[in-house]
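# Fold and contact review
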Amino acid sequence: GWPVCATLLTSRSFNNIPSRIFVVSALLQPTARRERRKQERPGELLNAALELFVEKGFAATRVEEVALRAGVSKGTLFLYYASKEELFKAVIQANLSAHFIAWDQEFDQFEGDTAHMLRYGLASWWDRIGNTLAGGLTKLVFSESKNFPDVATYYREHVLASAQALLHKVLQRGVDRGEFEAIDVHMAALSLMSAMQFVLMWRHAMSGTGPGPDFDPRGFLMAHLETVLRAWTVPATTQTKESHEDQ
């Protein structure tokens, strides 16, 4: 305690400077560690919650389990998240919604052709979401949406709507630049999303049981993209001719 440390400081010789510095430093270190842990705690809680939600589902996961896995008390968890529903929404925001915001900003600066943008976007989505633990959140929402409509609504508004809006934006870019035919961008976006949902469900629900041992979800996703791109893309010769006519 402080009285003991104060005694150490006053009883030792003032010439023993290194020892005095060590004692003062020892007093300050616990405070610094506590501050560092406090800053890291929300992320630790979200990581623990993500693991448990995907392992057990929303209904079966108890906040006490999340707190225990994160190494904090239940009361500490409620200082950051008022309920299990709010915790789940934060998990969705951190692991799903935030990616779409970042991709939207990234695509605003993208200078390549739209087909390349789509290839990069779907591959990036698979690597950052589909093939990670976070992808299991989609299976969770789909399986428990009827029992927890508020959770399903949040997912629909902050994940599905964001994904659809971003794909719509990218596809419309291709149409406006003359790279794609005058496709129905709404239906085209749903076509891509259906393939994304399929590989998610296979990866997190059916992996190891079918559709077969040689099934490659990422390969399937990219093959689906190439198939629709062949139908959507304006031939290069036509694009060149239209470009000259515009000039």
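Shown above is the structure to which this text applies.
To keep things clear, this report deals only with the structure shown in the data block. Computed from a predicted structure; not experimentally measured.

A word on the overall build of the protein. The number of helices and strands found in the protein is 11 helices and 0 strands. What you see in the protein, going N to C, is helices and strands ordered as α-α-α-α-α-α-α-α-α-α-α. Here the analysis covers contacts within the protein between residues at least 6 apart in sequence; of these, 69% occur between residues at least 24 apart.

Glancing now at the side chain of Thr61. For Thr61, the position within the fold is in the loop between helix 2 (17–56) and helix 3 (63–70). Within the structure, Thr61 has its side chain in polar contact with the backbone oxygen of Gly57 (distance 2.7 Å). Every residue in contact with Thr61, bar those within four places of it in the chain, is listed here: Leu52, Phe53, Lys56, Val66 and Lys84.

Turning our eyes to something else, we now look at the packing of aromatic side chains. Scanning the model with the defined rule gives 14 aromatic pairs in all. Consider the rings of Phe58 and Phe88, whose centres lie 5.3 Å apart with planes at 70°: the pair is edge-to-face. Of this pair, Phe58 sits in the loop between helix 2 and helix 3 while Phe88 sits in helix 5 (residues 84–108), and the two are 30 residues apart along the sequence. Taking the relative accessible area as the measure of exposure, Phe88 reaches 0% and is therefore buried.

Moving on, we come to the nonpolar core. Counting 63 residues, the largest nonpolar core has Phe88, Leu118, Trp125, Leu171 and Trp232 as its most contacted members. For this core, the elements supplying multiple residues, two or more each, are helix 2, helix 3, helix 5, helix 6 (114–130), helix 7 (136–144), helix 8 (149–176), helix 9 (185–206) and helix 10 (217–232). At 10 residues, the largest contribution of residues to this core is made by helix 8.

Between its first and last C-alpha, helix 10 extends 23 Å over 16 residues, near the 22 Å set by a 1.5 Å rise per residue. Among all positions in helix 10, only Pro217, Leu221, Met222, His224, Leu225, Val228, Leu229 and Trp232 are buried. Each buried residue of helix 10 sits inside an arc of 150° when the element is viewed along its axis, so together they form one side. Exposed positions of helix 10 whose direction lies more than 90 degrees from the buried face are Arg230 and Ala231. On the buried face of helix 10, the contacting elements are helix 6, helix 8 and helix 9.

Helix 10 packs onto helix 6 with a crossing angle of 160° between their chain directions and a minimal axis gap of 10 Å. Here helix 6 lies roughly antiparallel to helix 10, going by the angle between them. Two packed elements cross with a definite hand, and for helix 6 against helix 10 that hand is right-handed. Side by side, helix 6 and helix 10 meet where Ala115, Leu118, Arg119, Leu122, Ala123, Trp125, Trp126 and Asp127 of the first sit next to Pro217, Arg218, Leu221, Met222, Leu225, Glu226 and Leu229 of the second. For the contact of helix 6 with helix 10, the class distribution of residues is 11 nonpolar, no polar and 4 charged.

Definitions and limits used
Residues numbered from 1 in each chain as written. Predicted model: local features only at pLDDT ≥ 70, side-chain atom pairs only at ≥ 80, totals over all residues. Heavy atoms only, no water. Helix = DSSP H or I, 4+ residues; strand = E, 2+ residues; numbered from the N terminus. Contact = heavy atoms within 4.5 Å. Polar contact = N/O pair within 3.5 Å; in protein donor to acceptor, adjacent residues only side chain to side chain. Phe/Tyr/Trp six-rings, centres within 6.5 Å; stacked < 30°, edge-to-face > 60°. Buried < 20%, exposed > 50% of the residue type's maximum accessible area, 1.4 Å probe, protein only. Core = buried A, V, L, I, M, F, W, Y, C linked by side-chain atoms within 4.5 Å. Expected span 1.5 Å × (residues − 1). Arc of directions from axis to C-beta. Axes fitted to C-alpha atoms, helices over the stretch in contact; angles between N-to-C directions. Parallel < 35°, antiparallel > 145°, perpendicular 65-115°, else oblique. Left-handed = near helix turned anticlockwise from the far one by under 90°. Nonpolar A, V, L, I, M, F, W, Y, C, P; charged D, E, K, R; others polar.

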